[in-house]
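The primary structure of each chain is shown beneath.
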Amino acid sequence: MAKKEKKSGYSGRAFVIAAVALAVISILNMIMVYGTYRGTSETYTRTSQEINYINKANEELMAANEAVLRVVGDVGAKNETDLDAILANIQEIHMRFQSIDYNLNQYEKLENHDEKAFRRFQQARIYVNAYHNKMYDYQGMLQGKMAPLISGDTSDEKKAEALKDLAVFKQSIPFIYEQEIEPLQTAASQMMNASVSIGSAAANKRSAMTIRTLYLVLAVMFLILLAGEITLFLIARYTRRANEEIDRKTAQFAEASSKLMRSREKMENIAVMNILTGMKNRYALDQDLADRLADEQFNIAVFDMDNFRSINDMYGYEFGDEYLAQVAERLRNEFGQHAELYNITGNEFCAVFNREVSDSQALHYVEGIVACMASPYTVFNLTVQLTVSASTYHYVAGDCLNVNSLLVKMDNALRNAKRQGGAQIHQVMNI
Amino acid sequence: MMRTGKRLRLAACLAACMLSAASLSGCGKEEKKRYKIMVIGQSKEPQVADYWKNVEKGAKDAADELGYEVTYLSPQDITKVSDQEGLIDKAKQEGVDAICIAPNNPTKLNAKLKAASRSGIQIFTIDSDVTLDEKSDGFTERRSYIGTNNEAVGGIAARQAAAILAKQGETARAVIICHSSTQNSATQRVNGFQDILNTQIRSQLSIAVQNSEGVLNGTIPPETVETKINSIKGTNYVSEIIYTDGTAKSAREIALKVMNEKPEVKVIFATDEAATEGVCMAVEEAGKKGSISAIGVHCNDKIKKYLEKGVLTATMMLNPYNVGYFAVFYAGSYLADMETIRDNKKDNIMEDGSVREPSIPKTVDTGALYVTSENLKDEAVQLVLNQIADQQDKDKE
C-alpha cells in the first residue's frame, strides 16, 4: 500500500508541474499577444498619422496649385486684370503653404520613421520648398508690376506703362507656370505619394513580420504544450501500469495470505485432531476441560476396545486403522449431538456429555456407545467385532486439579474393568 | 485514458493548424508584388555618362523603395537602332512587365515597341519620346513619357536670355550650339529656346519702342513706329544654330569661331553637357567672361566650377535622377492600377460601358532648374547636385 501511495504522489507531482508549465506558457502567450497587439497597433497608429499628415499636406499643395492656376488665369486671360482676385488668391496660397508646413513639421516630429520613406519625404519637402520659393519669386515680381496700378499716387502715364509691362509679363505667365512651377509641384506631390507608399509598405511588412513571429512562437509553444501532453500521457500510462502491477501483487499477496491462514488453521486442526479418525485428540481434551475442572460438573466416559492389539497383529495396522475410523464415524453419527467425542489414544475414545444430558441419560448413552463400538464392523470385506470396556465419571467441581489426574482416575477404573475380563463399565467413584 | 487520448489528438490538431497558419502567414502576407521593369538608357559615352548613371540610380532607388525588380541596360552604340532593338527583344525574353526606354530614334523603334506591347509589356518612354501620331508610323500604345520637357529647357533658358539680350539693344543676338540635329531632345530644346526668345524679345522691344520718348511726345510718326515694330516682329534673334559632332572639343571650336566672327552675339546657348563644357572653355580662353552670356544644359563638377568663376552665366540643370525614379514609380503605378482593374472590373466600368484605363499622366515633366552662381546653394539645386556627386563618388570607389 505504501508503494502505491508513493506512485500516486509521483504522478500527482507530474500533473502539478504540467499545470504550472501550462500556466507559464499561457501567461507568456498572453504577454506576447499583448506585445504584438501593442506593437502592431502603434505601427498602424503611427503609419495612419504619417499618411494623414502627408495626405493633408498634399491636399493643401493641390489647393495651393489651384490658387496658382487661378492667378495664372487671372493674370494671363483677362484684358482688364482683376487685381483684387489676384491678391485674394495670393493670400490663399500663403495660407495653404502655412498649412503644408504645419503638416510636414508634424510628420517630422513623429518618431520611428521608416528610413526609406523618410528619405523620400525629405526630398519631397525640398521640392515643396523649391515650388514655394519659385512661386514666391514670381509672386514678388507680379506684385512689383501690380504696385503702380494699385497705388493711388501713380500717374496715368505710369499706370499705362505698368499695364503694358504687365501685358508682357502676362505672355510669360502660362509658360512660367508650365515650365518652371508645375514640374516642381509634380515632383513634390508624387514624392509625397511615394513616401506614403513606402511608409505603408514598410508598416505592412513590419506588422506581417510581427504577426509571423507571433504565429511561429505560438506554434513553438503549442509544440511544447504537445510535448507536455505526450509526457503527461506517458506518465499516466506508466502510472496506470504501475497501479495494475500493484493490484496484481496485492491480489497475489491476499491469496498467499489466505492460503497461509488456511494452512495455519489446518495446522491448528491437525494439532487438536486425530488424523486417522478425524476426532479431537488428547491435546484437545486437555484444552476443552482445563478451564471447567475447577467449577463445573459434567459426565465423562472413556472407552477402550478390548484386545485391539490382536487385530493389528492379525490383520495389520492398516486394517486396524480402518476399523477405528469406521468406529469413530459411527460414534460421531450416533452420539455426536449428545457429547463431545475424542480419540485420545489409538483405540481409546472419550465422551464428554453435554450439560443438558442428565446423569442417567449419560449412563444410557455410555451403554449405547459401548454397544455401538462392540457391534460388528465390515473392514476390507471382513467382519470383525471386539468387546469394549468403559469407565464413567460423574465429575464434580474441584475433584481433580488437572485433566491428567482426571484421566488417571478414569484409566484406573478402565484397567479394573479390563482386569476383570473386559466388556464392563466401571464407574469412577467420587471421593 | 480516453480523456488523455482526446486531449492528445486535439493538441496535435491545434499544433498542426498553428504550424500551417505560421507557414501560410509567410505566403498570405506577401509584400507588394515585385513587378519586373527594364529601363533601357541611351548612352555609355563619357560625355553623357553621368546623366545616365543618375537615371539608373533613380530607377534603382525607386525599385528598392517600392519593391520592384528593375534591370538597367544601355545600348553599346547609341547611333545604332538595332542595339536598342536587341535590348527590347531581351526584355521580351526575360518576361518583364514594363519597359522604360529612352529611344534613340523617334520612329525607327516603333515596330519593335508595338510587338513588345502586343506581347503584354507596358511601354514607357523616358528622356526622349517616340512619335505618337499613327499616320506617321507612330506608337500609340506608349503609356507615358517621363522626362525633361525639352522645349521647357529651351524656354526657361530663353526667358533669361531675353532679359539679357534686351539690355544689349536691338542688334544683340543669340547663337545656339546644339549637340545633335536628329535627336528629339536636341531639336525640342532648340525650338523651345528660339520660340520663347523671339516672343519675349519682340514683346519687350515693341513695348520699349511704344514707350520711347519720341513716340510719347509724338515726334515719331505712327507709321514709323509700326514699321519698326513690324521689323522687330520679323527678326529672328537667334542668329544661327550650329551643330557640333557631340563632343566638347567641337563645341569649343564653334564657340571660339562665333565669338571671333560675330560681335553681335551676346548669348550662347549650349544644348547639352558636352556643348556646355566646350562653350565654357571657349569663353574662358577668349577672355569673354562678362561680355558673353553662356547658358548651358546640365551640371557636373567642371560646369559647376565654370558657374562659380562666372564664365558660365547659367545652366539648365536637368534631373536625371527624377527621370529614373519617376519612370519606375509611374510604371509600377500603372501596373498596379491594371491589376486593380483586372481584379475588379465591375467597379471600373465607365459611363459609356468601357473599362477604365489605368490612370497616370501621359506626360510627366521632371523639370529643369535655371542655376546661376547665386542660387547654386539652394537646397533643390544642391539635392540634384549631390545626387550627381554621390554617383561620381561611387564611380571613383
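Everything numeric here is computed off the predicted structure, so don't read it as measured data.

Undergrad: Would you explain the interface of chain A and chain B in this entry?
TA: In many analyses, interface size is given as the accessible surface area lost on bringing the parts together. Contacts between the two partners involve 43 residues from chain A and, on the opposite side, 42 residues from chain B. At the level of elements, helix H3 (115–150) and helix H4 (156–272) of chain A are the ones that each hand at least two residues to the side of chain A that touches chain B. Broken down by element, the side of chain A that touches chain B gets its largest block of residues, 36 residues, from H4(A). Per-class residue counts for the side of chain A that touches chain B are 24 nonpolar, nine polar and 10 charged.

Undergrad: Quick question: what am I supposed to make of the nonpolar core here?
TA: One recurring pattern in soluble globular proteins is that nonpolar side chains are buried together. With 148 residues, the main nonpolar core has Ile99(B), Ile268(B), Ala327(B) and Val328(B) as its most contacted residues. Sorting elements by how many residues they give to this core places H4(A) first, with 15 residues. If near-sequence neighbours (up to four positions away) are discounted, Ala327(B) is found in contact with Val39(B), Ala59(B), Cys100(B), Phe124(B), Ile126(B) and Ile146(B). Counting 39 residues, the second-largest nonpolar core is a separate cluster that includes Leu285(A), Ala301(A), Phe349(A) and Leu414(A).

Undergrad: Whenever I open this one, the sheet that holds strand E6 (residues 388–395) of chain A confuses me. Can you help?
TA: Whenever strands of a sheet pair, they do so through backbone hydrogen bonds, lying parallel or antiparallel. Residues and elements named next belong to chain A. Overall, mixed pairing links the five strands, which are arranged E2-E3-E1-E6-E7 in an open sheet. Each having just a single partner strand, strand E2 (339–345) and strand E7 (425–428) make up the two edges of the open sheet. Shown here is a sheet whose adjacent strand axes are inclined to one another by a mean of 20 degrees, direction ignored. Sitting on the sheet, helix H5 (residues 282–290) touches E2 and strand E3 (348–353), and the angle it makes with E2 is about 135 degrees.

Undergrad: How should the sheet that holds strand E8 (residues 265–270) of chain B be read in this particular structure?
TA: Residue and element names in this part refer to chain B. Read across the sheet, six strands follow the order E7-E6-E8-E9-E10-E12 without closing on themselves; strand pairing throughout is mixed. Strands with a single pairing partner mark the edges of an open sheet, and in this sheet they are strand E7 (238–243) and strand E12 (368–371). Within this sheet the neighbouring strands show an average axis-to-axis angle of 15 degrees, counted without direction. Docked against the sheet, helix H5 (residues 150–167) engages strand E6 (173–178), E8, strand E9 (293–297), strand E10 (314–318) and E12, running at close to 165 degrees with respect to E8.

Undergrad: Mind showing me how you'd approach the confidence of the model for chain B here?
TA: Low-pLDDT portions of the prediction should not be read for the details of their coordinates. Residues and elements named next belong to chain B. Per-residue pLDDT for chain B averages 85, and the proportion of residues at 70 or more is 87%. Confidence drops under a pLDDT of 50 for residues 17–32, and excluding neighbours within four residues, the segment shows 20 contacts in the predicted structure. For this predicted complex, the interface confidence reaches an ipTM of 0.83, while the overall pTM sits at 0.69.

Parameters and conventions
Residues numbered from 1 in each chain as written. Chains lettered and ligands numbered in written order. Predicted model: local features only at pLDDT ≥ 70, side-chain atom pairs only at ≥ 80, totals over all residues. Contact = placed C-beta atoms within 7 Å. Helix = DSSP H or I, 4+ residues; strand = E, 2+ residues; numbered from the N terminus. Nonpolar A, V, L, I, M, F, W, Y, C, P; charged D, E, K, R; others polar. Core = buried A, V, L, I, M, F, W, Y, C linked by C-beta atoms within 7 Å. Buried ≥ 20, exposed ≤ 12 C-beta atoms within 10 Å, placed from the backbone. Pairing = 2+ DSSP bridges. Axes fitted to C-alpha atoms, helices over the stretch in contact; angles between N-to-C directions. pLDDT = per-residue confidence, 0-100.

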